[in-house]
Amino acid sequence: MKPFDILIIGGGVIGASIARELSRYRLRIGLVEKEEEPAFGVSKSNSGIIHPGTQNPAGSLKARLCVQGNILTRKICKELGVDFKEVGELIVAFDETERGRLLQLKKEGEALGVPGLEIVDSAWLKANEPNLSDKAIAALYAPTAGIVSPYRLVYDLSENAGRNGVKFYTGAGVEGISQRGERRFEIHTPQGIFNTRYLINAAGLFADEISAMAGVDDFKIRPRKGEEFLLDKKREHITNHLLFPLPSQTSKGILVIKTSDGNPMIGPTAEDAADKEDLSTSDAGFKKVLLSAQKMIPSISEDDVIAYFAGLRPSAGKDFIIRHEDKVPGFINVAGIQSPGLTAAPAIALLVADILKKNGLSLNKKLIFHGHREKTMQLFAIPQEKTRRLIKKDASYGDIVCRCEMVSAKEVKDAIKRGARTLDGIKFRTRAQAGRCHGSFCTTRLLKILSESIEKPVTEITKRGPGSEIVKGNKSGD
Amino acid sequence: MAAAIAAHESGVKDILLLERDQYLGGILNQCIHTGFGIEYFKEVLTGPEYAQRFIKEIKKIPDIEISLKSFVVDLTRDKTLTFIKPGILEKVKARVLIMATGCREKTREMIHIAGTRPSGVFSAGLAQKLINIEGLLPGKRVVIAGSGDIGLIMARRFMLEGAEVRAVIEIEKKTRGLLRNVVQCIEDFEIPMYFNHRISKINGKDRVESVTAVKVDDDLNDIPGTDVRFDCDTVLISVGLIPENELIEMAGVQIDKKTNSPVSHELNKTSIPGLFVCGNSFKVYDIVDSVSLDSEIAGRLAAEYLRKKI
Ligand SMILES: Cc1cc2nc3c(=O)[nH]c(=O)nc-3n(C[C@H](O)[C@H](O)[C@H](O)COP(=O)(O)OP(=O)(O)OC[C@H]3O[C@@H](n4cnc5c(N)ncnc54)[C@H](O)[C@@H]3O)c2cc1C
């Protein structure tokens, strides 16, 4: 195979953002991802908040890239047809000392360049956030905070990068890196060997291992777990903004979050984890999150919780590590991208392009870059009249597969066309199985549609890749 | 079907029956075990046989129009409903409406079982559908959470398919299923049952590898140090049923938050006049015979409501 100019390792929001940004240029670009689909790493399990940029250490990469990323994300979402909602956030104070800290946070935020910060009083809170505890006395209002669906953002970035020529390889976990001279990397994966001049490491939790393979082992990724709990969509309007407590030394605290699909979410915890693959949730985490959330919104109850998950923050110290490794020319680390990595992603992509340029790669714009993508259709999100027209045009929009979230056979088939290969992939793209019944009713139908579309027996269909097959075989005698 | 037939027998002439599935009979179709109809037909039938009796009956009545694959997406207070089916979005206004939407199973998430989210965690009903309708074997070493009837019946079903059922784990002191199911499905197969225990954790990265159970006291609090681990590749969740009433809730019917049933002082009636709810969507019954009888009452009530209005 002809060598790539650039190979990106990792198909999370960082890898996908870099891929899409660089696809503007006349370059041969490849992306290798170890999982069965993109977005199955950290980027699928986070809070989905596009942070305004407060609460970052002055002078850090994080601080600068977060403020920039907040602006860039809006533009990218518009171009790619991803919903971005500017809901605003409130950092809530419950006593006078906390009120004092709000002023400090405001000053720091303004110095970082965060626009529109304002202290609001309890009367404002009563009027604009009626379910908030009446013990709240003031809040720092950051109007530019927003929400997106993190996995849909990754899917749409990847799809658009693909349209502009980037080659994606999934199930291609990097097992070894060798060098055949300066800027001649050989990347070994189960999908074959790839050659490249520049190598970008965006491997999330495993970025330290990739970096060590390339010969740079001066940092370690320490996973820090965050457990999050989703509430029933019936509680969608429990808050109007994202609600934050005052931050501690190590984390932003337990939040009450609005999500792009409507379900409110509470979390995340922040505990060091021993294992990069340990995504278990705990009774203790549940209790802690529930209590903290109730401190802000007393009416949240245990019975509102309909789903939960854990994500691991890939932390490598206090700041992001984004640099060309001069020791290994052509090798760029984009590591330790913990929060606010989702927000900073598009700014990180620009920074990486700049680093490449400074290190000898010429970036020539293509004559034609397909920057726009048509928004993915979701029946639950559109008015009835539009549904009527769609069903007329294509009958299978009227064939409902997932009853809880109202997902049609057409949407499922489209998701598969766009790359879904697993039941989780279908869920993240369409929301089928993400509702109250958790797939009790639609799993069999989804299995069949996926099996027919990708021409694989039902027994080989997985939840999220090899090892997670849904069934153990055919019934005896069948 | 029972409600439609009863309404027709009571004189209603223009009935539309909407079903979202591609066949009539609902969940009975996957209940291939026997025990249905003892009260209603005084015969022992399987689920599909029981359903078939009603299907045969209803197909003889031209006044009942049946529309399959028809999914109701919207319902308003004035009993206007919108449904979609392949190729069609249709709005109809009914003078009287009977909801017979059944129930769904409680999920692992509703009882907050901690741990990982691998494949191999099924509601008992989904496992039943996979085996009985699709001819697939969901797993080979099974632990069942809860002793609801579907769980008990599935324990036997898995044993008959050559799978091993390692344990049935019930948080209460006694089973929540029918006694006959405990005897025929659990005791006859010598499946260990653990009362006063709850599954506290599901373990495994891609596929279920084990579950952890813990003993609980009378207030259902964990007793420290009583953890037991069961190796398994499958967990069935059978911890109860919830009436499906999201549509009438949308229309503004008062719903009891704890049971998800309509708040009602009289059988089958709701806070909206002329909107009736029957069967398991009114309240969860143990056996289908009671569901049919309840639904017939709803059918007659609907007919009476129409007569009074004219
Ligand atoms: C609980 C939680 C909440 C968060 N909330 C927010 C938030 O609200 N806002 C915000 O801005 N940020 C948030 N973050 C941070 C954000 O999620 C991350 O910064 C971001 O997703 C990191 O993206 P990534 O692409 O670096 O990592 P990933 O998404 O993990 O991508 C790395 C990819 O590399 C692949 N990979 C690994 N090893 C190999 C290999 N050997 N070969 C090939 N591929 C490999 C992985 O499979 C993975 O897909 C949160 C994080 C957590 C955990």
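It should be emphasised that the depicted structure is a prediction, and the values quoted were computed from it without experimental measurement.

**Focus: the sheet that holds strand β11 (residues 121-123) of chain B**
Alright, step 1. Strand order in the open sheet formed by 5 strands is β11-β19-β13-β14-β15 (chain B), and the pairing between neighbours is parallel. Both outer strands of the open sheet, β11 and β15 (193-194) of chain B, are each paired with one neighbouring strand and no more.

**A short note on the site of the ligand**
All names here are of chain A.
Alright, step 1. Close to the ligand lie 40 residues; Glu33, Ser43, Val174, Ile337 and Thr343 are nearest.
Alright, step 2. A distance of 3.1 Å separates an oxygen atom of the ligand from a polar backbone atom of Leu342.
Alright, step 3. Within the side chain of Thr343, an N or O atom sits 2.7 Å from an oxygen atom of the ligand.
Alright, step 4. Look at the ligand: alone it shows 1000 Å² of surface, and the protein chains cover 97% of it.
Alright, step 5. Secondary structure elements with two or more residues in the shell around the ligand: α1 (13-22), β12 (222-231), β17 (305-315) and α8 (341-358).
Alright, step 6. For the shell around the ligand, a count of residues per class yields 17 nonpolar, 18 polar and 5 charged.
Alright, step 7. Here the shell around the ligand spans two domains, and each of domain 1 (2-44 + 150-221 + 318-358) and domain 2 (85-146 + 223-314) adds at least three residues to it.

**Topic: the packing of helix α1 (residues 2-9) of chain B against helix α7 (residues 288-309) of chain B**
Residue and element names in this part refer to chain B.
Alright, step 1. Taken N-terminus to C-terminus, the directions of α1 and α7 make an angle of 40°; their axes are 7 Å apart at the nearest point. Compared by their axis directions, α1 and α7 come out oblique. The two elements α1 and α7 meet at a crossing, and its hand is right-handed. Of the residues in α7, those in contact with Ala2, Ala3, Ala6 and Ala7 of α1 are Ser292, Ser295, Glu296, Gly299, Arg300 and Ala303.
Alright, step 2. Taken together, the residues of the contact of α1 with α7 break down into 5 nonpolar, 3 polar and 2 charged.

**Here's the deal with the interface of chain B and chain A**
Alright, step 1. With 54 residues of chain B at the contact, the number on the chain A side is 54 residues.
Alright, step 2. Of all residues in chain B, the largest losses of buried area upon contact with chain A belong to B:Leu89, B:His112 and B:Arg117, amounting jointly to 16% of the total for that side.
Alright, step 3. Inspection of the chain B/chain A interface yields 8 salt bridges.
Alright, step 4. The salt bridge partner of B:Glu246 is A:Lys234, with a shortest N-O separation of 3.4 Å.
Alright, step 5. Across the chain B-chain A interface, the total number found is 28 residue pairs in polar contact (both at pLDDT 80 or more).
Alright, step 6. Per element, the largest residue contribution to the side of chain B that touches chain A is 4 residues, and it comes from helix α3 (residues 124-132) of chain B.
Alright, step 7. Classifying every residue of the side of chain B that touches chain A by side-chain character gives 17 nonpolar, 12 polar and 25 charged.

**So, the packing of helix α5 (residues 150-163) of chain A against helix α11 (residues 423-430) of chain A**
Two measures define how a pair of helices packs: the angle their axes make with one another and the distance between the axes.
Residue and element names in this part refer to chain A.
Alright, step 1. Put simply, α5 and α11 touch, their axes get as near as 8 Å, and they point 100° apart. Classed by the angle they form, the pair α5 and α11 counts as roughly perpendicular. Between α5 and α11, the contacting residues are Tyr151, Arg152 and Tyr155 on the first element and Gly425, Phe428 and Arg429 on the second.
Alright, step 2. By residue class, the composition of the contact of α5 with α11 is 3 nonpolar, 1 polar and 2 charged.

**Quick look at the domain arrangement of chain B**
All names here are of chain B.
Alright, step 1. One can read the domain layout of chain B as domain 1 (2-104 + 242-309) and domain 2 (107-237).
Alright, step 2. Relative to domain 2, the C-alpha centre of domain 1 lies at a distance of 31 Å.
Alright, step 3. Buried surface at the junction of domain 1 and domain 2, both sides included, amounts to about 870 Å², of which 55% is carbon and sulfur.
Alright, step 4. If you sort the residues of domain 1 by the area they bury against domain 2, Gln30, Ile32 and His33 come out on top, with a joint share of 55%.
Alright, step 5. Inspection of the region where domain 1 meets domain 2 yields 0 salt bridges.
Alright, step 6. In this structure, the connection of domain 1 to domain 2 is made through 4 residue pairs in polar contact (both at pLDDT 80 or more).
Alright, step 7. Broken down by class, the residue content of the side of domain 1 that touches domain 2 amounts to 6 nonpolar, 4 polar and 1 charged.

Parameters at a glance
- Residues numbered from 1 in each chain as written.
- Chains lettered and ligands numbered in written order.
- Predicted model: local features only at pLDDT ≥ 70, side-chain atom pairs only at ≥ 80, totals over all residues.
- Heavy atoms only, no water.
- Pairing = 2+ DSSP bridges.
- Helix = DSSP H or I, 4+ residues; strand = E, 2+ residues; numbered from the N terminus.
- Near = heavy atom within 4 Å.
- Polar contact = N/O pair within 3.5 Å; in protein donor to acceptor, adjacent residues only side chain to side chain.
- Areas by Shrake-Rupley, 256 points an atom, 1.4 Å probe, with all protein chains shown as cover.
- Nonpolar A, V, L, I, M, F, W, Y, C, P; charged D, E, K, R; others polar.
- Domains from an automatic or database assignment.
- Axes fitted to C-alpha atoms, helices over the stretch in contact; angles between N-to-C directions.
- Parallel < 35°, antiparallel > 145°, perpendicular 65-115°, else oblique.
- Left-handed = near helix turned anticlockwise from the far one by under 90°.
- Contact = heavy atoms within 4.5 Å.
- Buried area = accessible area lost by both parts, 1.4 Å probe.
- Salt bridge = Lys/Arg side-chain N within 4 Å of Asp/Glu carboxyl O.

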